[in-house]
Amino acid sequence: MKKAFQINWQWLIIAFLLVGIFVNNQTIQSLNIHAFFSKSQPRYQLNMILKDSQDPFWIQFKLGADKAANFYACALDTTYLEERGQAQSPFKISELIDKASVSGADGIISFIMEDPQNAQVIDRASQADIPTITLENDVPNSKRASFVGYNAFRFGQEAAKKMNEALAGRGKIAIVMNRNEVAEQDSQNLKISGFLNEINKSGNITVSEYIVSDNGIYGTQDIVGKLLDSENDIDGLFITNSVDTESVAQLLIEYNKVGAYQVVGAGNSEQIKDYTKKRILYASIFVNAYEMGYQCVETLAKIKQGESVPSYIDTTIGVLTPENLFEKSNP
Amino acid sequence: MNLLKFKHLSLRTKLLSYFIVMTVIFTLISGVSAYISSNQSKQVSGMVIDYVFLNDLNEGIMTLDNDVESYLINRSSEAMLNYYNTLNELTLKNKKLDKVRTYDESEGLIRSISFTLTEYIGQADKAIEAKRGRNTQTYTEAYGRMGQLSKYLTADLNELLAIKLKEGSKNYNLAMAKSEAITWFSFFLIASSLLVGVGLASYMTLAITKPLDTLTKRAERVSSGDFDVEVVAIETNDEIQILADAFNEMLKNIREHIDYLTLQSELENHLKEQMMQNLSMKSLLKEAELKSLQSQINPHFLYNTLNAASQLSMIEGADRTSEFIQKIAMYFRYMLKKLGTNVSIQDELDNVETYMYILKTRFGERISYKTHIEKHLLDYVIPSTILQPIVENAYIHGLEDKEENGLIDVSLREEGDKICIQIRDNGQGMDQSQLSSLLAFEKDDASHLGKNSGGIGVQNVAERLKIFGSAADYNEVIAITSELGEGTTVFLWLPKVKENA
């Protein structure tokens, strides 16, 4: 009987502590005590207005912007105009810029669509010492601090070159764009102009159709689906944005039309890379969105630090082909 | 916790530690429970306060808009008063909003609302002032701007409310999960405190009662007379150890006392034994003396008479007769005077020689007497009248019937730390049964076999030698060998005792 009372107290206490640590760990996790440790205060509060929260281009852009914001200790308040092509914000671009300028932002990065009020609100922000960086489309007659974009004309030219190569200089093509892109007049027009300028050099490729969706990607899928399902003499498709490029590639698979059309798309998302590798897309023209996002925040941070920045920052245009993708994966 | 150190605390400190530890544990449990409850309550009330505040803010904006509109339309002092009241309330609310830059989404929205609200209030003021100054264009523009800003504020407030609702929903789920975790945590706390309490109580009880139990059992054994209990080994370094040490000291003292009493008792016994031996010796001597007196009827008279006869014989020229009578007189004198004392071996041998002279004179040359003496032994002491009875026995029982060549041979030699006296005769000897009877000293009835005709028996000699030599057994002082027709030899062993010792 006596032996039963001879307990090894040290081991008993250790066992207690282990159980205690386990239970407490569970409790601490559920109490979210780590929330007590927050980041320090940011140096700048920046407002960023982007186009589409689901567009791979803008997703990449945001990643680049976040990286720079982290580096320059900036807080980024982001507003998206659309989600999958559907209107997300009740405000126009000019209103969003105006809203940002009265909300205590230290700087504004804004995607620009055609709006006569843009210059006015940008100027008002500038008067309040809030620099604005315009994206994709410039507002040249405003006091915007800088324009970060790409040469849309050359973008169109690069697409035409690949189309010409794909069709061997002969055939009929359709150009796919969506309603919002139409609203982005400047950039859109320059893309199409560049494409037509280059494609006309071949002499034997004609643009027989312009497919314009007015209902986001669902509208595009509907119109392009009907096209694929019908008897037509189209040989190639030039798609001007990344969302529609992914959508059309998926349609080609669904309609079993892979190879029936030579497709030159836009964007460099993982999905687009995959479609290109599988030769569903002949090529895809892309702007380095990550770099663009990084440059925007970096430029704004430099302006706030009193550094001078160029008024136009050109972002590189690249071309995705199955060949260069394989080269990258098998160096 | 170093239990070894705890073991060496005093009893009072141990008990005090136990109560303090238990009090601290229960206070901690209560404190943690109170903190958790308070935290939960704060979170819930915080959520409600947020909703109420945002709702009030939204209503305030709408009220200000109405007040400004009302003033712009009718320019009444009541509208003005309402406007200022609402403006003050809204300004106060705005001051509560944090304008610090932040990474947090909802805090960012609050910051945005605060800045926009400042602008909104500014525009409202501008509109009112313009109205008072009858500047139609300005107040129209300002009021229009207010409308635009109001849209921004509403959008931000709605978004913030949506975020707060989302956060609230998330917090609710978290609170539910927390509640479960807290329940488990509380259960663990209660269970562990119970176990720790029971464990500590058991440990404390055992730590105190175990040594006490050991001490009690030992004390019971001692009280029942068992002083051979082991020493109580208790190293608690507290009052119990002091008690145990005192017990051990007491036990040691009792044992020492008992040892002392035992020693005294042994000494007394030894003393009594010696006294008994002395009494026995006295008794034997008295017996020997009695025998001597019995055989000599009136020894003093006889001794005086023999002396007179010796002198008469000398006067008459009978020298041999005179010498013979003289020897007889010496013999009797020795027997009378020396009995009961210790004498030197030399004296004892001289007496034997006197005795042998008498025998030779009586019986002529048929008995011869020889000695082999190691002379350095002659000064050692021997009880008187030891050898003569043996020699007498040798003559009476061994040589009396021998016609010629009878021999009594006495030799004295050293054997280790003892002196051996050997008396040998070549008489008729004894068979085994006679020898056994002779050696049966302890049986009183058998002693007659060892007696000579009127002298001292072998048993008497053996008894006195045993006492003199402090021997445990007769075999250590006397031995007899005999063979029928060959003779008998008696061995006597004495301790080496000098006369002065």
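Remember, predicted model here, so these are calculated numbers, not experimental data.

What follows covers the overall build of chain A. Broken down by element type, chain A carries 12 helices and 13 strands. Classification of the 331 residues of chain A by burial places 52% in the buried group. Looking at chain A alone, contacts between residues at least 24 apart form 74% of all its contacts between residues at least 6 apart. Per element, the accessible surface of chain A, about 15,500 Å² overall, is 51% carbon and sulfur.

Let us look at the overall build of chain B. Summing up its helical and strand segments, chain B has 12 helices and seven strands in all. Within the span of chain B, comprising 501 residues, buried residues form 40% of the whole. Looking at chain B alone, contacts between residues at least 24 apart form 71% of all its contacts between residues at least 6 apart. If you sum the accessible surface of chain B, you get close to 28,500 Å²; carbon and sulfur atoms cover 56% of it.

Here the focus is the sheet that holds strand E6 (residues 478-483) of chain B. Two modes of strand pairing occur in sheets, parallel and antiparallel, and in both the strands are linked by backbone hydrogen bonds. All names here are of chain B. Read across the sheet, five strands follow the order E2-E4-E5-E7-E6 without closing on themselves; strand pairing throughout is mixed. Of all strands in the sheet, those bounded by a partner on one side alone are strand E2 (367-373) and E6. If you compare each strand with its neighbour and ignore which way they point, the axes differ by 10 degrees on average. One ladder, built from six bridges, connects E6 with strand E7 (residues 487-495); its direction is antiparallel. Residue pairing across strands places isoleucine 478 opposite leucine 492, the latter belonging to E7.

By convention here, two paired aromatic rings are described through the distance between centres and the angle between planes. All names here are of chain A. Scanning the entire structure with this criterion turns up 13 aromatic pairs over all chains. Here the aromatic rings of tryptophan 58 and phenylalanine 61 are separated by 5.3 Å at their centres, their planes lie at 65 degrees, and the arrangement is edge-to-face. Taken together, the residues span about one helical turn, with tryptophan 58 and phenylalanine 61 both in helix H2 (residues 56-71) at a distance of three residues. Overall, tryptophan 58 belongs to the buried group, its relative accessible area being 2%.

Here we come to the nonpolar core. Phe61, Ile109, Leu135 and Phe195 of chain A together with Val68 of chain B are the most contacted members of the largest nonpolar core, which totals 96 residues. When residues of this core are assigned to their parent elements, the largest contribution, 10 residues, is made by helix H4 (residues 105-132) of chain B. In this view, phenylalanine 195 of chain A contacts Gly156, Gln157, Ala159, Ala160, Met163, Ile173, Ile175, Val207 and Phe238 of chain A; residues no more than four positions away in its chain are not counted. In this structure, Leu387, Leu399, Leu465 and Ile480 of chain B belong to the second largest nonpolar core, which totals 55 residues.

Residue and element names in this part refer to chain B. Where burial is concerned, most of E7 is hidden: eight out of the nine residues are buried. Relative to E7, strand E5 (residues 418-425) runs antiparallel, the two being bridged by eight bridges. Across the sheet, residue isoleucine 423 finds its bridge partner in E7, namely valine 490. Joining the antiparallel neighbours E6 and E7 is a turn of three residues, in which glycine 485 adopts a positive phi near 85 degrees.

Looking now at the packing of helix H9 (residues 345-363) of chain B against helix H10 (residues 387-399) of chain B. Residues and elements named next belong to chain B. Contact pair H9 / H10: the axes reach a minimum separation of 9 Å and the direction vectors enclose 25 degrees. Of the possible angle classes, the one that applies to H9 and H10 is roughly parallel. The handedness of the crossing between H9 and H10 is right-handed. Between H9 and H10, the contacting residues are Glu348, Leu349, Asn351, Val352, Tyr355, Met356, Leu359 and Phe363 on the first element and Leu387, Gln388, Val391, Glu392 and Tyr395 on the second. A per-class count over the contact of H9 with H10 returns nine nonpolar, two polar and two charged.

Okay, the confidence of the model for chain A next. Residue and element names in this part refer to chain A. For chain A, mean pLDDT is 84; residues scoring 70 or higher make up 84% of the total. The low-confidence segment residues 1-5, where pLDDT is below 50, has one contact with residues more than four positions distant or belonging to other chains. This model gives residues 29-38 a pLDDT under 50, and the stretch forms seven contacts once residues within four places in sequence are excluded.

We now examine unusual backbone geometry. Of note in this structure, alanine 73 of chain A is not a glycine but carries a positive phi near 55 degrees. Within the fold, alanine 73 of chain A resides in the loop between H2 and strand E2 (74-83). Positioned with a positive phi, asparagine 405 of chain B is a non-glycine residue whose angle comes to about 55 degrees. Looking at the element boundaries, asparagine 405 of chain B is found in the loop between H10 and strand E4 (406-415). You can call asparagine 405 of chain B exposed: its relative accessible area is 58%.

Quick look at the sheet that holds strand E11 (residues 283-287) of chain A now. Residue and element names in this part refer to chain A. Here six strands make up an open sheet; going across it, the order is E8-E7-E9-E10-E11-E13 and the pairing mixed. At either end of the open sheet lies a strand with only one pairing partner, and these are strand E8 (205-213) and strand E13 (317-320). The mean inter-strand angle of the sheet, taken between neighbouring strand axes irrespective of direction, is 15 degrees. Sheet topology note: the strand E7 (residues 171-178)/E8 ladder contains eight bridges and is parallel. By the bridge assignment, isoleucine 173 is partnered in E8 with valine 207.

Residue and element names in this part refer to chain A. Position of tyrosine 312 among the secondary structure elements: in strand E12 (residues 312-314). For the pair formed by tyrosine 312 and isoleucine 133, sequence separation is 179 residues and the distance between their alpha carbons is 9.7 Å. Of note is the side chain of tyrosine 312, whose polar atom sits 3.4 Å from the side chain of aspartate 314.

A separate point is the environment of tyrosine 210 of chain A. Turning to its location among the elements, tyrosine 210 of chain A is positioned in strand E8. Taking the C-alpha atoms as reference, tyrosine 210 of chain A lies 6.1 Å from valine 176 of chain A; in sequence the two are 34 residues apart.

Let's shift gears to H10 of chain B. Residue and element names in this part refer to chain B. Between its first and last C-alpha atoms H10 spans 17 Å; for 13 residues at 1.5 Å apiece the expected length is 18 Å, and the two agree. In terms of burial, H10 is a largely internal element, 12 of the 13 residues being buried. Residues of H10 that are buried include every one of Leu387, Gln388, Pro389, Ile390, Val391, Glu392, Asn393, Ala394, Tyr395, Ile396, Gly398 and Leu399, and no others.

Moving on to the confidence of the model for chain B. Residue and element names in this part refer to chain B. A residue-level look at chain B finds 92% of positions with pLDDT of 70 or above and a mean pLDDT of 83. Within chain B, E5 carries the highest mean pLDDT (94), whereas helix H1 (residues 3-7) carries the lowest (58). In this model, residues 444-455 is a region of pLDDT below 50 whose contacts with residues beyond four sequence positions or in other chains number 26 contacts. Interface predicted TM-score (ipTM) for the complex: 0.73; the corresponding pTM is 0.52.

Before going further, it helps to examine a negative patch on the surface. Residues and elements named next belong to chain B. A cluster of like negative charges, contributed by Asp98, Asp104, Glu105, Glu107 and Glu159, occupies part of the molecular surface. Within the fold, aspartate 104 resides in the loop between helix H3 (77-96) and H4. Aspartate 104 gets classed as partly exposed once you look at its relative accessible area, which sits at 32%.

Turning to helix H4 (residues 118-127) of chain A, a few remarks are in order. Residue and element names in this part refer to chain A. The set of residues buried in H4 consists of Asn118, Ala119, Val121, Ile122, Asp123 and Ala125. Residues of H4 that are buried sit in contact with helix H3 (93-102), strand E4 (107-111) and strand E5 (132-135). Remark: aspartate 129 follows H4 within two positions and exhibits a positive phi of approximately 65 degrees.

Checked against the element boundaries, serine 114 of chain B lands in helix H4. Each residue touching serine 114 of chain B, except ones within four places of it in the same chain, is listed here: Asn94, Leu97 and Lys99 of chain B.

Residue and element names in this part refer to chain B. Orientation of H4 relative to helix H5 (residues 136-223), taken along the N-to-C sense of each, is 160 degrees, at an axis distance of 8 Å. Looking at the two axes, H4 sits roughly antiparallel to H5. Pair H4 / H5 crosses with left-handed handedness. Residue classes in the contact of H4 with H5 are distributed as 18 nonpolar, six polar and eight charged.

Calculation criteria
Residues numbered from 1 in each chain as written. Chains lettered and ligands numbered in written order. Predicted model: local features only at pLDDT ≥ 70, side-chain atom pairs only at ≥ 80, totals over all residues. Heavy atoms only, no water. Helix = DSSP H or I, 4+ residues; strand = E, 2+ residues; numbered from the N terminus. Buried < 20%, exposed > 50% of the residue type's maximum accessible area, 1.4 Å probe, protein only. Contact = heavy atoms within 4.5 Å. Areas by Shrake-Rupley, 256 points an atom, 1.4 Å probe, with all protein chains shown as cover. Pairing = 2+ DSSP bridges. Axes fitted to C-alpha atoms, helices over the stretch in contact; angles between N-to-C directions. Phe/Tyr/Trp six-rings, centres within 6.5 Å; stacked < 30°, edge-to-face > 60°. Core = buried A, V, L, I, M, F, W, Y, C linked by side-chain atoms within 4.5 Å. Parallel < 35°, antiparallel > 145°, perpendicular 65-115°, else oblique. Left-handed = near helix turned anticlockwise from the far one by under 90°. Nonpolar A, V, L, I, M, F, W, Y, C, P; charged D, E, K, R; others polar. pLDDT = per-residue confidence, 0-100. Polar contact = N/O pair within 3.5 Å; in protein donor to acceptor, adjacent residues only side chain to side chain. Expected span 1.5 Å × (residues − 1). Patch = residues over 30% accessible without salt bridge, like charges linked within 9 Å, V, L, I, M, F, W, Y side chains within 5 Å. Salt bridge = Lys/Arg side-chain N within 4 Å of Asp/Glu carboxyl O. Lys, Arg positive; Asp, Glu negative; His and termini not counted. Charge placed at Lys NZ, Arg CZ, Asp CG, Glu CD.

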